[in-house]
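Chain and residue survey
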Amino acid sequence: MAEVTAKRDILTAASPHAETPDIWADFRQIEVLTLELRQRYEHSLGKYSRFFIELENGRFLGTRCARCQRVYAPPRPLCPACLAVTTWQELAGTGTLITYAVQHFGSGANDDVNRLATPYVLAYVLLDGASTLFPHILRAAPENVRIGMRVRVAYSSGPVQHPLHLMYFVAQG
Amino acid sequence: MSGLPVVVGVGLTAFAANRVDCTVRDLALEAALACMHDAGLMDLKAVQHGLTSYESDHFNRQMTLGALLHDHLGLTPLPNVRVEGGGATGALALRTAWAYVQSGLCDSILVYGAELNGRSVSTQTANQLFALSADFDWEMMVGGTYTAFYAAMMRAHMQRYGTTEAQCAHVAVRNRKNAQHNPLAQKPMDLTIEEVLNSRAVAEPYKLLDCSLLSDGAAALLLATEDWARAHSPVFARRPVVYFAATGCGSDTMRLGDRYPDITNFRGKRAAAQQAYAQLGISDPLAQIDVAELYDSYSGVEIQAVEDLGFVAAGEGGAAVASGLFDLGGRLPVNPSGGLLGRGAPVGATGIAQAIEIVQQLWGTVHPARQAANARRGLTDTHAGIGTLCVVNIFERRD
Ligand SMILES: [Zn+2]
């Protein structure tokens, strides 16, 4: 007997179309393999890098467009409204919860997310001084979360896998 | 308007969680073959162009699927183009074909879409792969998923307008019930509102039965000038002429948070609908559209869509849906096929399958239990992301 290590199954598939006759009758023996595809990326954070580097110092940065005064958090190096290059602007890290989801399954995005207990709260926060909403985990019991509640950025000293997890939101007060 | 393309033939495979009997190329071939037979053609030799519609290299584990499928359909050395527009891929493919025929670049074009979104990978892997189509560095890395983005959007809608989970559940019940009359549907079910409300929480306010399906499947549609159709399709003169009458496309920011304060609805969908309506002089879509296939990726998304498409005013979608306005037998039947919730959603095929349901509704050839009365104009609504790219296509029967 020849050995095929990736082979998972050989089966006979029924026609899903209930056709008579089955025009594919000669092709109903099916072999199924288990295959893997793994990649590793050197992923530059590019012009957004300073945001992540400053999180290590417990500082929260957005970017400001000098032309229209919008403040972007998450940062944008280029203001899409003006196509003007922005500058870094520190924010206090306090803000208001605008909307949220209570997620009952881990997304598997990275080790940091895998460490979160489910359910977790994905919060959209309007940071004081910002024009856009910043999405991140709000560490709070779902039953205590209310739209309009005041929250703030809290910082982690790590170790984390991804630098975005050097911060998260908590309720103020 | 005589230059508008007509639909010459349509073909669909059964949608299923696991079409273990097929590779992605087998699926595309099944749909294209069905389309060819539907058009009364013995082969595809007279067809002048191919168009491949698929979203994901990752799910299908194959890049340049356009070249592969075109080859296996025997369409070489004809020109081919691959179209990708996230969840809106199939609808964008048809919109592209519309422009190709209208411009005179070709007189006939076979649009075929296929995807393996079912069980070839685990649900968690599927979520990760779909998350790659979100903003990878900012939304995916914090643990966001599309279900959560949609849930946050729906929660904002509920907060602003008082929309309820029971109103969302009405969509989940109705669309799966409609699927019971569709033999090619993946998940026909006879549910109660309570069963939807009591199903397992996934990303609150959405529960398991509020969520659409991951599917394997394919769809194909042959689009042509009316002259080409009369010259080549022996069945064309025997059924009502259905024109691909109008198309609109709109967009919005990738991240929900960047849309603040407009985070309850789909701005891009409003733009797409207005373009398509302007092409046909539609001013009262609820009265002037007879049947529609809407992008119900989650139950509440249909509520948001009926508002953005102008069927009802902003904030009135929940009550309108719950009143039965969009049920079979209602004023404007929505998702008679079962929609993404009941029929399924193999991404590259979804928008084409929506169009096929509308075309068959206009031809009057669907199962009588899901046939909309006096259907002469039908609409499809398809979007990518959380309404990041939106396509509205309108088909008309003229006889
Ligand atoms: Zn600006």
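Residues numbered from 1 in each chain as written. Chains lettered and ligands numbered in written order. Predicted model: local features only at pLDDT ≥ 70, side-chain atom pairs only at ≥ 80, totals over all residues. Heavy atoms only, no water.

Considerations on the overall build of chain B
Of the regular secondary structure elements, chain B holds 16 helices and 11 strands. Relative to a compact globule of 399 residues, whose C-alpha radius of gyration would be 21 Å, chain B shows 19 Å and is just as compact. A principal-axis box enclosing the C-alpha atoms of chain B has dimensions of 55 × 45 × 35 Å. When each of the 399 residues of chain B is scored for burial, the buried share is 66%. Across chain B, contacts joining residues at least 24 apart in sequence account for 77% of those joining residues at least 6 apart. Total accessible area computed for chain B in this model is approximately 12800 Å², and 51% of it derives from carbon and sulfur atoms. Once the 30 positive and 39 negative side-chain charges of chain B are each reduced to a mean point, those two points are 2 Å apart. (Helix = DSSP H or I, 4+ residues; strand = E, 2+ residues; numbered from the N terminus. Rg over C-alpha atoms; globule rule 2.2 N^0.38 Å. Buried < 20%, exposed > 50% of the residue type's maximum accessible area, 1.4 Å probe, protein only. Contact = heavy atoms within 4.5 Å. Areas by Shrake-Rupley, 256 points an atom, 1.4 Å probe, with all protein chains shown as cover. Lys, Arg positive; Asp, Glu negative; His and termini not counted. Charge placed at Lys NZ, Arg CZ, Asp CG, Glu CD.)

Here we look at the environment of B:Ala114
Relative to the elements of secondary structure, B:Ala114 occurs in strand S4 (residues 108-116). Leave out the neighbours within four places in its chain, and B:Ala114 touches B:Val24, B:Ala28, B:Ser53, B:Tyr54, B:Gly217, B:Ala218, B:Gly348 and B:Ala349.

Details of the packing of helix H8 (residues 165-178) of chain B against helix H13 (residues 299-308) of chain B
Residue and element names in this part refer to chain B. It is the contact of H8 with H13, at a shortest axis distance of 7 Å, that shows an interaxial angle of 105 degrees. As summarised for this structure, H8 and H13 are arranged roughly perpendicular, according to the angle between their axes. Judged by residue contacts, Gln167, Cys168, Val171, Ala172, Arg174 and Asn175 of H8 engage Ser299, Gly300, Glu302 and Ile303 from H13. By residue class, the composition of the contact of H8 with H13 is four nonpolar, four polar and two charged. (Axes fitted to C-alpha atoms, helices over the stretch in contact; angles between N-to-C directions. Parallel < 35°, antiparallel > 145°, perpendicular 65-115°, else oblique. Nonpolar A, V, L, I, M, F, W, Y, C, P; charged D, E, K, R; others polar.)

Looking at the domain arrangement of chain B
Residues and elements named next belong to chain B. If you check the domain split of chain B, you get domain 1 (6-121 + 215-238) and domain 2 (134-213 + 244-397). Domain 1 and domain 2 are separated by 23 Å when their C-alpha centres are compared. On the domain 2 side, the residues contacting the 39 residues of domain 1 number 34 residues. For the pair domain 1 and domain 2, the summed buried area comes to about 2700 Å², and 72% of that belongs to carbon and sulfur atoms. Inspection of the region where domain 1 meets domain 2 yields zero salt bridges. On the surface where domain 1 and domain 2 come into contact, there are 10 residue pairs in polar contact (both at pLDDT 80 or more). Put simply, the parts of the chain that give the side of domain 1 that touches domain 2 at least two residues each are strand S1 (6-12), helix H4 (89-103), S4 and strand S7 (216-224). (Domains from an automatic or database assignment. Buried area = accessible area lost by both parts, 1.4 Å probe. Salt bridge = Lys/Arg side-chain N within 4 Å of Asp/Glu carboxyl O. Polar contact = N/O pair within 3.5 Å; in protein donor to acceptor, adjacent residues only side chain to side chain.)

Describing the interface of chain B and chain A
One frequent convention defines the size of an interface as the accessible area lost when the parts assemble. On the chain A side, the residues contacting the 40 residues of chain B number 49 residues. Across the chain B to chain A interface the summed buried area is about 3800 Å²; carbon plus sulfur atoms make up 64%. For chain B, the biggest contributors to the area lost against chain A are B:Trp138, B:Met141 and B:Val142; these three give 20% of the whole. At the boundary of chain B and chain A, one finds two salt bridges. The salt bridge partner of A:Arg76 is B:Asp258, with a shortest N-O separation of 2.6 Å. Between chain B and chain A we count 16 residue pairs in polar contact (both at pLDDT 80 or more) in total. Secondary structure elements with two or more residues in the side of chain B that touches chain A: helix H1 (24-38), helix H5 (123-131), helix H6 (136-140), helix H7 (146-161) and strand S5 (201-204) of chain B. Of the residues forming the side of chain B that touches chain A, the biggest block, eight residues, is contributed by H7(B). Looking at the side of chain B that touches chain A, its residues break down into 20 nonpolar, 10 polar and 10 charged.

Some thoughts on the coordination of the zinc ion
All names here are of chain A. For the zinc ion, every protein donor is listed as Cys65 (SG), Cys68 (SG), Cys79 (SG) and Cys82 (SG), and the spread of their distances is 2.3 Å. The coordination sphere of the zinc ion comprises four donor atoms, whose angles at the metal cover 104 to 113 degrees; the geometry is tetrahedral. One chain supplies every donor to the zinc ion, and in sequence these donors are spaced C-x2-C-x10-C-x2-C. (Donors = N, O, S within 2.8 Å, 3.2 Å for Na, K, Ca; no water. Tetrahedral: all angles 85-135°; square planar, octahedral: opposite > 155°, others 65-115°.)

Details of the packing of H7(B) against H13(B)
Residues and elements named next belong to chain B. Their axes nearest at 10 Å, the elements H7 and H13 cross at an angle of 60 degrees. Between H7 and H13, the crossing angle belongs to the class labelled oblique. Judged by the sense of rotation from one axis to the other, the crossing of H7 with H13 is left-handed. Here Tyr150, Met153, Met154 and His157 of H7 come into contact with H13, specifically with Gly300, Val301, Ile303, Gln304 and Glu307. A per-class count over the contact of H7 with H13 returns five nonpolar, three polar and one charged. (Left-handed = near helix turned anticlockwise from the far one by under 90°.)

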